[in-house]
Amino acid sequence: MHPKKEPTRPIPAGPRPTGPRTPGRRLVAAGAATALAALALAGCSSGSASSNSSSPGATASGSASAAAGGNQLQDDYERVISEVLPSVVQITTAGGLGSGIVYDGKGNIVTNAHVVGTATTMTVTLANSTKSLDATLVASYPDSDLAVIKLTSPPSGLKPAVFADSKKVELGQITLAMGSPLGLASSVTEGIVSATGRTVSEPGTGGAPGATIGNMVQTSAAINPGNSGGALVNLASQVIGINTLAATEPEGNGAVAPGIGFAIPASTITSITDQLIKSGKVTNSGRAALGITARTFFDAGFQPAGAVIVSVVSGGPADSAGLQVGDVITKLGDTDITTLNSLTTALASLTPDSKVTVTYVRDGQSRTADVTLGTLPTS
């Protein structure tokens, strides 16, 4: 899959900087739950009305069915929140505030790497407590924007979250986003799965390039600063992703685009987290690579026109396919490559061992090579 460039610019959903609130900041509550309930009621009522029955009993029966449907959805929400919210924590570092998910009973907590930043120590507040618990960094993997921290003295009764099968996440599934948006601990917003398989590039911070992450889940559930690292949950009380990004309006001075948020999928979370806990590092990134170092190529008019190869890993995928230093990559499969970032984004949507046709320019001539992709190194 080669996703098109998104019309919005995603930004990390956290951490929220600590300190005094900026004057004039407005908190906007998500009110879509009422809308969903109203749609359910309208659907049932519409079905009853279409029968043209004049019987008061029929009308009462239709209303009762609609009410029952609305109550069932509300019951589902309340059940999921009571089951999953105890697994969602608030994380505070010297630089800001974000969220995390209890991964196991040993005190390991998974969150976004950008929530942790450069901190090696932090405090954690559980959903059912006001007491701050000390925690330390286990390991961080910024390439996938994931990190693991561990409570110094894990309390009894920790409730690890249950993670979903990412292959079963489908469009239209109802989602609940849990975390600490704007520092409001244990907050919940709702929406649906708007899309799957998104490849999204995060903006860089502190001079470091942002991560490009593939296969992300797009949701309409509100994701705000402080939500980063929190849980995106389905109605089976399973975590389908980690809340990570909110999109911004390209012409809105950085204003958040309503209803467009992104979450790292559960399969990536469990794969990376298990490796960080076991080895303190990632030994298998699960991400595709060409086995080259490249930079953006500019044409005679100083316009970006591809990614020029600067070095080739000996025996790697590109080397085996005959690509050389100086070749300018202009296409990966059917995706046009105009910059290094577009090449990175295209690779993030592919998997190791898959085959792709690389179109490149050498000595002014356009050529192609079939490449079997390798795995992105972890160090």
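Scroll up to find the structure.
My aim in this report is to walk through the structure given alongside it, one point at a time. Keep in mind the model is a prediction, meaning the values are calculated, not measured.

Topic: the overall build of the protein chain
Scanning the protein chain from terminus to terminus reveals six helices and 21 strands. Split into buried and exposed, the 379 residues of the protein chain put 43% on the buried side. Residue pairs at least 24 apart in sequence account for 62% of intrachain contacts in the protein chain once pairs closer than 6 positions are excluded. Split by element, the accessible area of the protein chain, about 18200 Å² in all, is 53% carbon and sulfur.

A look at the pattern of salt bridges
Under the definition given, this model contains three salt bridges. Salt-bridge contacts for D327 lead to R362; the nearest nitrogen and oxygen are separated by 2.8 Å. Here D327, found in the loop between helix 5 (317-320) and strand 17 (328-332), pairs with R362, found in strand 19 (residues 355-362); they are 35 residues apart in sequence, far enough to count as distant. The same class applies to D327 and to R362, which are both buried. Three or more residues are tied together by salt bridges with common partners; here these are D76, R79 and E83.

Focus: the nonpolar core
Of all hydrophobic cores here, the largest spans 35 residues; its most connected members are I101, V110, F163 and M178. Residues within four places of M178 in sequence aside, it is in contact with V80, I81, V84, L85, V88, S187, V188, N227, G230, A231, V233 and N243. Counting 20 residues, the second largest nonpolar core, distinct from the first, contains A294, I337, L347 and A369.

Considering unusual backbone geometry
Most peptide bonds adopt trans geometry, and most residues besides glycine take a negative phi value. Non-glycine residue N215 carries a positive phi angle of around 60 degrees. Structurally, N215 is set in strand 10 (residues 212-219). For D353, which is not a glycine, the phi torsion comes out positive at approximately 75 degrees. Mapped onto the fold, D353 is located in the loop between helix 6 (340-348) and strand 19.

Description of the sheet that holds strand 4 (residues 108-111)
Where strands meet in a sheet, backbone hydrogen bonds hold them as pairs that are either parallel or antiparallel. The antiparallel closed barrel is built from six strands, whose spatial order is 2-3-4-7-6-5. Within the sheet, the average angular offset between the axes of one strand and its neighbour, ignoring direction, is 40 degrees. For strand 2 (residues 88-93) and strand 3 (residues 96-102), the ladder comprises six bridges, and the chain directions are antiparallel. The partner of T92 across the bridge, within strand 3, is L97. The strands touched by helix 4 (residues 266-279) within the sheet are strand 4, strand 6 (132-141) and strand 7 (146-151), with strand 7 carrying the most contacts at an inclination of about 55 degrees.

Notes on the pairing of strand 12 (residues 239-248)
In terms of burial, strand 12 is largely enclosed, as 10 of its 10 residues are buried. Sheet topology note: the strand 11 (residues 231-233)/strand 12 ladder contains three bridges and is antiparallel. Residue pairing across strands places L232 opposite G241, the latter belonging to strand 12. Between strand 11 and the antiparallel strand that follows it, strand 12, lie five residues; S237 among them carries a positive phi value of about 65 degrees. Where strand 12 meets strand 13 (residues 256-265), six bridges bridge the pair, whose relative direction is antiparallel.

Details of the environment of I192
If you trace the backbone, I192 turns up in strand 9 (residues 187-201). Taking C-alpha positions, I192 is 9.5 Å from G259, a pair spaced 67 residues apart along the chain. Discounting chain neighbours no more than four positions away, the residues touching I192 are G172, Q173, I174, T175, Q218, T219 and S220.

A few points about the environment of V356
Tracing the backbone shows V356 in strand 19. Looking at V356, the relative accessible area reads 8%, which means it is buried. Separated by 25 residues in the primary sequence, V356 and K331 have C-alpha atoms spaced 10.0 Å apart. Contacts of V356, omitting those with residues within four sequence positions, involve L332, G333, L350, A369, D370, V371 and L373.

Re the packing of aromatic side chains
Under the counting rule described, the total for this entry stands at one aromatic pair. Where Y103 meets F163, the ring centres are 5.5 Å apart and the plane angle is 55 degrees; that geometry is what we call tilted. Taken as a pair, Y103 in the loop between strand 3 and strand 4 and F163 in the loop between strand 7 and strand 8 (174-179) lie far apart in primary sequence, 60 residues in all. Overall, Y103 belongs to the buried group, its relative accessible area being 14%.

Concerning the side chain of N108
Counting through the fold element by element, N108 comes out in strand 4. Of the polar contacts made by the side chain of N108, one reaches the side chain of D104; its length is 2.9 Å. Aside from chain neighbours lying at most four places away, what touches N108 is I101, V102, Y103, V138, V148, I149, K150 and I277.

Looking at the pairing of strand 8
By the criterion of burial, strand 8 is predominantly enclosed, with five of the six residues buried. In this sheet, strand 11 lies alongside strand 8 in antiparallel orientation, the contact comprising three bridges. Within the sheet, the bridge partner assigned to M178 lies in strand 11 and is A231.

How each quantity is defined
- Along each chain, the written sequence defines residue order, and numbers are assigned to residues from 1.
- Only residues with pLDDT of at least 70 get local features here, since the model is predicted, and only at 80 or more are side-chain atom pairs given and counted; chain-wide, interface and lining totals rely on the full set of residues.
- Remark: hydrogens and water are excluded; side-chain values derive from all non-hydrogen atoms of the structure.
- Put simply, DSSP H or I for four residues or longer makes a helix, DSSP E for two residues or longer makes a strand, and each gets a number counted from the N terminus.
- The classification of residues rests on relative accessible area computed with a 1.4 Å probe and restricted to protein chains. Under 20% of the type maximum is buried, over 50% is exposed, and intermediate values are partly exposed.
- The contact criterion used is simple: two residues touch if any of their non-hydrogen atoms lie within 4.5 Å.
- Computed by Shrake-Rupley with a 1.4 Å probe, the accessible areas treat only the displayed protein chains as cover when residues are assessed.
- Every case where a carboxyl oxygen of Asp or Glu lies within 4 Å of a side-chain nitrogen of Lys or Arg is listed as a salt bridge.
- Only buried Ala, Val, Leu, Ile, Met, Phe, Trp, Tyr and Cys residues count toward a nonpolar core, and they belong to the same one when joined by side-chain atoms within 4.5 Å.
- The pairing criterion for strands is at least two bridges between them, as found by DSSP.
- Where helices are involved, their axes are fitted lines through C-alpha atoms of the stretch in contact, as for all axes, and angles between N-to-C directions lie from 0 to 180°.
- Pairing of aromatic rings covers Phe, Tyr and Trp, the last counted by its six-membered ring, and requires centre-to-centre distances within 6.5 Å; plane angles under 30 degrees mean stacked, over 60 mean edge-to-face, and any other angle means tilted.
- N or O atoms closer than or at 3.5 Å make up a polar contact, with two conditions inside protein: a donor-capable atom paired with an acceptor-capable one, and, for residues adjacent in sequence, both atoms drawn from side chains.

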